[in-house]
Amino acid sequence: MIKLLSKYRWYLGLLIVGLFLISSIFHTGWYATHDGIFHIYRTEEALNMLKLGEFPLRWAGNFDQGFGIPLFAFVYPLPYYITSVISYFTSSILSVKILTVVAYLIGGLGIYQLFKKKDSMLSFALALLYLMTPYQYLNIFVRGALGEILALGLMPWVLYSFSRLIVDGDKLKWYHPIPLALLLIAHNFLGILFSVFLMGYVFFQKNQKSQAFINLLISFGLASFFLIPMICEKNFLYSYVHPDLNFRFDQHFVYLRQLIYSKWDYWYSMPGLDDGMSFQLGLTQIALAGYGIIYTIFNRKRTKLDLYIMFAYLGSIFLMTSRSYSIWHAVKILQSIQFPWRFLFMPAILTPLIAYPALLSLSKKKFFHYLLLIILIFNFGNIRNYRRPIKFFNLTEYTDLYRLYYNKTSTTFRTEILPKWSVERERFKTDEVLVNSGNMIIDSLTITPISVNITINNKVDPVPAKITILRNYYPSWRAIMDGKKKIELTPTDEGMINMRPEIGVHKYVIKIGNTPLEQFANLISLSSIFILGYIWKRSQKSKN
């Protein structure tokens, strides 16, 4: 037992300190954040959809007052796969808290795992510095940004996976592509932006580039079921057709002084210097990154990779400031990120990479361990008051908050994930089906959030029969008559589903399915899983 504890003492130490750093989250009840309540709704909706057989998750049938929206087709689904399963055994509140804590801790463990080979003490210190980055607490206790919390937890493991391939010379194993694949579905923007950085990270390596690029391709293949429709079917959204209803990126640039220090607060991002939230990088993190940059510049043994990481760090800071406006204006895809300060994740993950070589050069000095201790104490002093939310709700307050947006929306703007055929104003319904014209009798009607089963006795009439199904129209809706014939569905003027029943008594099943592109994307992901199986089988044969 003692030997086991000694072997894993650094891991245990990280878990203990990490739990202390985030200990306020264990307070009973839910806490106030910008988006926290939306994650509760999404968790419950994901569980409902999975119970109805919706897989992969795309449609949220109860949202928008029961009209439904393609939420999980465009908003990172991984957190809700995880929390929905956990909530099946516990509660939605506890499931979100559990994922937050686990994601936070595995990020620290990943940094330690990435650097532990040469100096365990230094790796432990860098892991704690990563956990004590102010942006971590901004996401957890101010914004409640579950996807970004999970993404920050996965990024170190993505780097570790690629370092095993490139630096250690491992052969490609079935598990190498998984961390990046998970990252790509953990958060839309951070996953793709980090992948762009990762391509350069691989390109500037000396060895094993081909295996690393294959690893990249398989990762994207695994995540294709989400990525391809999310990117290529964005034109199906109301917010794409009416971009003026979204956040304006040019109102959310950050001033350099805010990156160095800005008052810790729990309000929102605002234009100019009047922000109600902090964008500080962390004084300790800035000092270490600065030392690492100086060390890189004057180190004669520096590599192209060292320079690339340094420029990636500086470039991410530049992209958060208004001086980068011309880039944001020209590169339209950047504008979908909405907030330039979302690039704060890059300094957070790159600071350990920049600081590591510089600090390692001091590891033989007698004062080195004292230096690490002073750095950690100073860092804790900087973030000691950031480790808690502004308040916890009592039962009455939480119930009022929960009812405020329940089944309405799960994003800041209702129109953000609304199908483009719908209308801007919020609608309410008292019926599921409206008979618009014709002479018909509805013999039976059974509904779920993702389907409508209806038997119609449609009699001959001079006016063609037409019904409206009170769901938001989307191209993935399918209608089958009598289990055989496909029936065309079209959008009404208000974006609901229009159907023309045929003469006679027929049973119609209207159900959410997959668009042709979604089917293609599913096939790519399935093929990538088979490729992992082939790689695993090949590795088993080589062992024998």
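None of these values were measured; they are calculated from a predicted model.

Looking at the second largest pocket, its volume works out to about 1200 Å³. If you go around the second largest pocket, you meet 36 residues; those closest to its centre are Lys 118, Val 167, Leu 305, Asp 306 and Tyr 356. Elements with a minimum of two residues in the lining of the second largest pocket: α6 (92-115), α9 (146-166), α11 (188-203), α16 (283-298), α17 (304-320) and α20 (345-360).

Our focus in this paragraph is helix α2 (residues 9-21). For α2, which comprises 13 residues, the first-to-last C-alpha distance of 18 Å matches the rise-based estimate of 18 Å (1.5 Å per residue) to within 8%. Among the residues making up α2, those that are buried are Trp 10, Tyr 11, Gly 13, Leu 14, Gly 18 and Leu 21. Taken around the axis of α2, the buried residues stretch over an arc of 160°, which confines them to a single face. Buried positions along α2 lie against α6, α7 (120-131), α8 (134-143) and α21 (368-383).

Throughout the structure, instances matching the rule amount to 43 aromatic pairs. A centroid spacing of 5.0 Å and a plane angle of 80° characterise the contact between Tyr 11 and Tyr 112, whose relative ring orientation is edge-to-face. Of this pair, Tyr 11 sits in helix α2 while Tyr 112 is found in helix α6, placing the two residues 101 residues apart along the sequence. Under the relative-accessibility criterion, Tyr 11 is labelled buried at 18%. Plain terms: the ring middles of Trp 157 and Tyr 160 are 5.8 Å apart, the flat faces sit at 90° to each other, and that makes the pair edge-to-face. Of this pair, Trp 157 and Tyr 160 are both found in helix α9, three residues apart, which corresponds to roughly one turn of the helix. Judged by its relative accessible area of 26%, Trp 157 is partly exposed. Geometry around Phe 20 places Arg 387 over its ring, the cationic atom sitting 4.8 Å from the centre.

Together, Met 1, Leu 4, Leu 5, Tyr 8, Leu 12 and Ile 16 make up a nonpolar patch on the protein surface, roughly 630 Å² of accessible area in all. Those elements giving two or more residues to the nonpolar patch turn out to be α1 (2-7) and α2. Note on placement: Tyr 8 falls in the loop between α1 and α2. By relative accessible area, Tyr 8 is classed as partly exposed at 37%.

What the five strands build is an open sheet, ordered β2-β3-β9-β5-β6; its pairing is antiparallel. One side of each edge strand has no neighbouring strand; the edge strands of this open sheet are β2 (439-448) and β6 (485-487). Direction aside, neighbouring strands of the sheet carry axes that sit 25° apart on average.

Moving on: the environment of Leu 489. Its location among the elements puts Leu 489 in strand β7 (residues 489-491). Leu 489 sits in the buried class, given a relative accessible area of 10%. Note: C-alpha distance between Leu 489 and Tyr 473 (16 residues apart in sequence) is 8.4 Å. When residues no more than four places from it in sequence are discounted, the contact partners of Leu 489 are Tyr 473, Trp 477, Arg 478, Ala 479, Ile 497, Asn 498, Met 499 and Ile 510.

Attention now moves to the packing of helix α5 (residues 78-89) against α9. Relative orientation of the contacting elements α5 and α9 amounts to 100°, with a least axis distance of 9 Å. Relative to α9, the element α5 is oriented roughly perpendicular. Residues Leu 78, Pro 79, Tyr 80, Ile 82 and Thr 83 of α5 pack against Leu 146, Gly 147, Leu 150 and Leu 154 of α9. Across the contact of α5 with α9, the residue classes tally to seven nonpolar, two polar and no charged.

On to empty space enclosed by the protein. Taken as a whole and assessed by the stated rule, the structure comprises five cavities of 30 Å³ or more. Its volume calculated, the largest cavity comes out at about 60 Å³. Lining the largest cavity, in full, are Thr 133, Tyr 135, Gln 280, Leu 281, Gln 285, Ile 286, Tyr 313, Leu 344, Pro 347, Ala 348 and Thr 351. Counting only elements with at least two residues in the lining of the largest cavity, the list comes to α16 and α20. When residues in the lining of the largest cavity are grouped by element, the largest group, three residues, is from α20. Across the lining of the largest cavity, the residue classes tally to seven nonpolar, four polar and no charged.

What follows deals with the pattern of salt bridges. Per the counting criterion, the structure on display carries eleven salt bridges. Between Asp 64 and Arg 427 there is a salt bridge; the shortest N-O distance is 3.7 Å. Within this pair, whereas Asp 64 is found in the loop between α3 (36-51) and α4 (71-74), its partner Arg 427 is found in the loop between α22 (395-405) and β1 (433-437), the two being separated by 363 residues in sequence. No difference in accessibility class separates Asp 64 from Arg 427, as the two residues are buried. Glu 494 is paired through a salt bridge with Arg 425; the nearest N and O atoms lie 2.3 Å apart. Taken together, the positions of Glu 494 in the loop between β7 and β8 (496-499) and Arg 425 in the loop between α22 and β1 put the pair 69 residues apart, joining distant regions of the chain. Judged by relative accessible area, Arg 425 falls into the partly exposed class, the value being 47%. Ionic contacts of the salt-bridge type, sharing partners, join the residues Asp 64, Arg 414 and Arg 427 into one network.

What counts as what
- Residues numbered from 1 in each chain as written.
- Predicted model: local features only at pLDDT ≥ 70, side-chain atom pairs only at ≥ 80, totals over all residues.
- Heavy atoms only, no water.
- 1 Å grid on protein atoms, 1.4 Å probe; cavity = no way out; pocket = protein on both sides within 12 Å on 5 of 7 lines; lining within 4 Å.
- Points joined across faces, edges and corners; volume = space filled by probe spheres on them.
- Helix = DSSP H or I, 4+ residues; strand = E, 2+ residues; numbered from the N terminus.
- Expected span 1.5 Å × (residues − 1).
- Buried < 20%, exposed > 50% of the residue type's maximum accessible area, 1.4 Å probe, protein only.
- Arc of directions from axis to C-beta.
- Contact = heavy atoms within 4.5 Å.
- Phe/Tyr/Trp six-rings, centres within 6.5 Å; stacked < 30°, edge-to-face > 60°.
- Lys NZ or Arg CZ within 6 Å of the ring centre and 35° of its normal.
- Patch = residues over 30% accessible without salt bridge, like charges linked within 9 Å, V, L, I, M, F, W, Y side chains within 5 Å.
- Areas by Shrake-Rupley, 256 points an atom, 1.4 Å probe, with all protein chains shown as cover.
- Salt bridge = Lys/Arg side-chain N within 4 Å of Asp/Glu carboxyl O.
- Pairing = 2+ DSSP bridges.
- Axes fitted to C-alpha atoms, helices over the stretch in contact; angles between N-to-C directions.
- Parallel < 35°, antiparallel > 145°, perpendicular 65-115°, else oblique.
- Nonpolar A, V, L, I, M, F, W, Y, C, P; charged D, E, K, R; others polar.

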